[in-house]
Amino acid sequence: PLTINLNTFNYTNRHHLCIDILCVSQPTEMRLVGDAYVKSEFRLHKSVSDGAQLGKFFSEWESYLQHIQETARARETRAAGLTDGSLQANYGIDLDPSIETNDEQKVQLQKLREEASKVKSS
């Protein structure tokens, strides 16, 4: 569960939360209705002063934001061809052999390959 400090959750933070929710990539068919709903909810809670109610309100919207961000990432992953069972990603291309690299650069490139392989296999 997220913990919201209502003393520091001022207008600017509320506004940023609302904007973050509106900016997350959503399917077109949901965007118009979703955006109108989000704006309406934030306007309705603009004058609420009950700390418990505000805490629940912002906690739930923070959770929703996290959920739609994860959903958007999953949708982008599928669109890129990186589905659950078949991670067939191209994590870059081999360097042109004419490019000279020193030993330190070669070690760094090897580390990058290893990290990319970890991501690819997870």
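For the structure, check the block above.
Here the structure is a predicted model, which means the values were calculated and not measured.

A. Seen up close, the packing of helix 2 (residues 28-44) against helix 3 (residues 51-79). At their nearest, the axes of helix 2 and helix 3 sit 12 Å apart, and the two run at 160 degrees to each other. Here helix 2 is positioned roughly antiparallel relative to helix 3, judged by the angle of their axes. Crossing of helix 2 against helix 3: the hand is left-handed. Listed contacts from helix 3 to Tyr37, Val38, Glu41 and Phe42 of helix 2 are Phe57, Phe58 and Trp61. Its residues placed into classes, the contact of helix 2 with helix 3 shows 6 nonpolar, no polar and 1 charged.

B. Looking closely at the packing of aromatic side chains. Taken as a whole and assessed by the stated rule, the structure comprises 7 aromatic pairs. An angle of 40 degrees between the planes, with centres 6.1 Å apart, marks the rings of tyrosine 37 and tryptophan 61 as tilted. Within this pair, whereas tyrosine 37 is found in helix 2, its partner tryptophan 61 is found in helix 3, the two being separated by 24 residues in sequence. Classification of tryptophan 61 by relative accessible area gives buried; the value is 9%. Seen in terms of ring centroids, phenylalanine 42 and tryptophan 61 are 5.6 Å apart; in terms of plane orientation they differ by 50 degrees. Their pairing is tilted. On the criterion of sequence distance, the pair formed by phenylalanine 42 in helix 2 and tryptophan 61 in helix 3 is long-range, its members being 19 residues apart. We note that phenylalanine 42, like tryptophan 61, is buried. Aromatic rings pair up to connect Tyr37, Phe42, Phe57, Phe58, Trp61 and Tyr64 into one cluster.

C. Broad picture of helix 2. The end-to-end C-alpha separation of helix 2 is 25 Å, in line with the 24 Å expected for 17 residues at 1.5 Å each. Along helix 2, the sharpest kink reaches roughly 25 degrees, centred on glycine 34. Of the residues making up helix 2, those classed as buried are Gly34, Asp35, Val38, Glu41 and Phe42.

D. Molecular detail of the pattern of salt bridges. Following the criterion strictly, the structure yields 2 salt bridges and no others. Taking the shortest distance from any N to any O, the salt bridge between aspartate 35 and arginine 31 comes out at 3.6 Å. Highlighted residues: aspartate 35 and arginine 31, both in helix 2, separated by 4 residues, approximately one helical turn. The exposure class assigned to aspartate 35 is buried, which follows from its relative accessible area of 15%. For the salt bridge of lysine 56 with glutamate 60, the shortest nitrogen-to-oxygen distance reads 3.0 Å.

Conventions and cut-offs
The written sequence of each chain sets the order in which its residues are numbered from 1. Where totals are concerned, whole chains, interfaces and linings use all residues; where local detail is concerned, this predicted model gives features only for residues with pLDDT of at least 70, and gives and counts side-chain atom pairs only at 80 or more. Note that the side-chain values use all heavy atoms of the structure and ignore hydrogens as well as water. Angles here are taken between N-to-C directions and fall from 0 to 180 degrees, while the axes themselves are lines fitted to C-alpha atoms, restricted in helices to the stretch in contact. The numbering of helices and of strands both runs from the N terminus, where a helix is a DSSP run of H or I of at least 4 residues and a strand a run of E of at least 2. Angle categories are assigned with fixed cut-offs, so that under 35 degrees is roughly parallel, over 145 is roughly antiparallel, 65 to 115 is roughly perpendicular, and the rest are oblique. In this scheme the crossing of two helices becomes right-handed for a clockwise turn of the near helix relative to the far one and left-handed for an anticlockwise turn of less than a right angle. Any pair of residues with heavy atoms lying within 4.5 Å of one another is described as a contacting pair. Residue type decides the class: Asp, Glu, Lys and Arg count as charged, Ala, Val, Leu, Ile, Met, Phe, Trp, Tyr, Cys and Pro as nonpolar, and the leftover types, Gly among them, as polar. Only centres within 6.5 Å qualify two rings of Phe, Tyr or Trp (six-membered ring in Trp) as a pair; their planes then separate them into stacked at under 30 degrees, edge-to-face at over 60, and tilted for everything else. For each residue, the accessible area found with a 1.4 Å probe, counting protein chains only, is set against the maximum for its type, and the residue is called buried under 20%, exposed over 50%, and partly exposed in between. Each residue after the first adds 1.5 Å to the expected span of a helix. To obtain the bend at a residue, axes are fitted to the seven residues ending there and to the seven starting there, and the angle between these axes is taken. Any Lys or Arg side-chain nitrogen found within 4 Å of a carboxyl oxygen on Asp or Glu counts as a salt bridge.

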